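Per-entry structural report
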Amino acid sequence: MTTPASTPASTPASTRTVALPGGLSVTVQEFGENTEGTGVLVLHGGAGPRTVAGFSAALSEHVYVVAPTHPGFDGTPRPDRFDSVADLAIAYLDLLDTLDIKDVMVIGNSVGGWIAAEMALRDNKGRIGALTLLNAVGIHAHMVENRVVDPRTMAPADISQLSFAKAEFRPDFTSFTDAQRAATAANQQTLAIYGGDHFTYDPKLRARLHRVTVPVLVVWGEEDGIAPLKYGRGYADAFPDGHFAPIPDAAHFPQIEALGATLEAIGNFVNTVVKPGSTD
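Structure report, in brief. All values derive from a computational prediction rather than experimental measurement.

**Quick notes on the overall build of the protein**
Of the regular secondary structure elements, the protein holds nine helices and eight strands. Over its C-alpha trace the protein gives a radius of gyration of 17 Å, about what one expects of a compact globule, namely 19 Å for 280 residues. In the protein, buried positions account for 50% of the 280 residues. As presented, the protein carries roughly 12,400 Å² of accessible surface, and 51% of it is formed by carbon and sulfur atoms. Across the protein, 20 positive and 31 negative side-chain charges occur, with their mean positions spaced 6 Å apart.

**Notes on the sheet that holds strand β4 (residues 65-69)**
Taken together, eight strands build an open sheet; the order of strands is β1-β2-β4-β3-β5-β6-β7-β8 and the sheet is mixed. If you trace the sheet from one side to the other, it starts and ends with β1 (13-19) and β8 (242-247), each paired once. Between one strand axis and the next, the sheet turns by 20° as a mean value, whatever way the strands run. One ladder, built from four bridges, connects strand β6 (residues 128-134) with strand β7 (residues 216-221); its direction is parallel. Bridge assignment links L131 to a residue of β7, and that residue is V216.

**Concerning helix α2 (residues 85-99)**
Compared with the 21 Å implied by 1.5 Å per residue over 15 residues, the 21 Å span of α2 between its first and last C-alpha is a close match. Considered for burial, the residues of α2 that qualify are V85, L88, A89, A91, Y92, L93, L95, L96 and L99. Looking one or two places after α2, you find D100, whose phi comes out positive at around 55°.

**Notes on the pattern of salt bridges**
What the rule picks out here adds up to 10 salt bridges. Between K275 and D103 there is a salt bridge; the shortest N-O distance is 3.8 Å. Within this pair, whereas K275 is found in the segment after α9 (259-274), its partner D103 is found in strand β5 (residues 102-109), the two being separated by 172 residues in sequence. For K275, a relative accessible area of 43% gives the class partly exposed. The partly exposed category is assigned to D103, whose relative accessible area is 39%. Between D178 and R181 there is a salt bridge, and its shortest N-O distance comes to 3.5 Å. Taken as a pair, D178 and R181 lie in helix α5 (residues 178-195) at a separation of three residues, close to a single helical turn. Put simply, D97, D100, K125 and R127 are held in one network by salt bridges that share partners.

**Side note on the environment of M105**
With respect to the helices, strands and loops of the structure, M105 is situated in strand β5. With a relative accessible area of 8%, M105 lands in the buried category. The spatial distance from the C-alpha of M105 to the C-alpha of A186 is 29 Å, given a sequence separation of 81 residues. Beyond its immediate chain neighbours, meaning those up to four positions away, M105 contacts G39, V40, L41, A130, T132, I266, F269 and V270.

Calculation rules
Residues numbered from 1 in each chain as written. Predicted model: local features only at pLDDT ≥ 70, side-chain atom pairs only at ≥ 80, totals over all residues. Heavy atoms only, no water. Helix = DSSP H or I, 4+ residues; strand = E, 2+ residues; numbered from the N terminus. Rg over C-alpha atoms; globule rule 2.2 N^0.38 Å. Buried < 20%, exposed > 50% of the residue type's maximum accessible area, 1.4 Å probe, protein only. Areas by Shrake-Rupley, 256 points an atom, 1.4 Å probe, with all protein chains shown as cover. Lys, Arg positive; Asp, Glu negative; His and termini not counted. Charge placed at Lys NZ, Arg CZ, Asp CG, Glu CD. Pairing = 2+ DSSP bridges. Axes fitted to C-alpha atoms, helices over the stretch in contact; angles between N-to-C directions. Expected span 1.5 Å × (residues − 1). Salt bridge = Lys/Arg side-chain N within 4 Å of Asp/Glu carboxyl O. Contact = heavy atoms within 4.5 Å.

Structure representation (structure tokens):
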């Protein structure tokens, strides 16, 4: 997948496997070092961990960043019993405990945003300080025209058309090797397991979000053909302390198509809401 020319390439990332309670192990990429006991947790969507790698590297110029690979993606193991977004949310809260980081901003794109919201609802140890949702899914829209498109019935090229506002960012699936096609299909099968019957949402999630007490930024690529702009506004409105930042000329992956604008929106959120008066 194409990444913007402005994506930092100089920040080295290390990869390791972290053992969590209950016998689960999670593969994580770490950007920077945990020297202050805090950091950012970045959760990828159904297109896989590559879609947040450049974004994580950019964030790491300011803070320690952890970017896990959801078990079952990119060939990582997934226990049979581990089969829901709620399972992922609990696992990543366990990860924050294991790494012993607090005041964490959890940033999630697409299904990663859904996981982030579920984490905030279960954070009984108070490790999360804020959420940022990037064109997240997870809630059910009241109006049909605002609902998330179900990509299971669509060709990859059509999904790409809806996911990226700019043609230069759309993957050329005709150039994929057999191995790449198999890996993409395996990731989508794993995503379907986590998504469950409704695939892109939990019908009860929206009504629970009033219990999220931390500030939430909802960043939205305005041209998203997967999850419409009004869906994003509704997501932000569902939180007691929700804030909305539309990103022009971007679609379902604003952290790829508009990295600078996305980072600026997050920076403004931190400086004015999360830590008023902060300059970094």
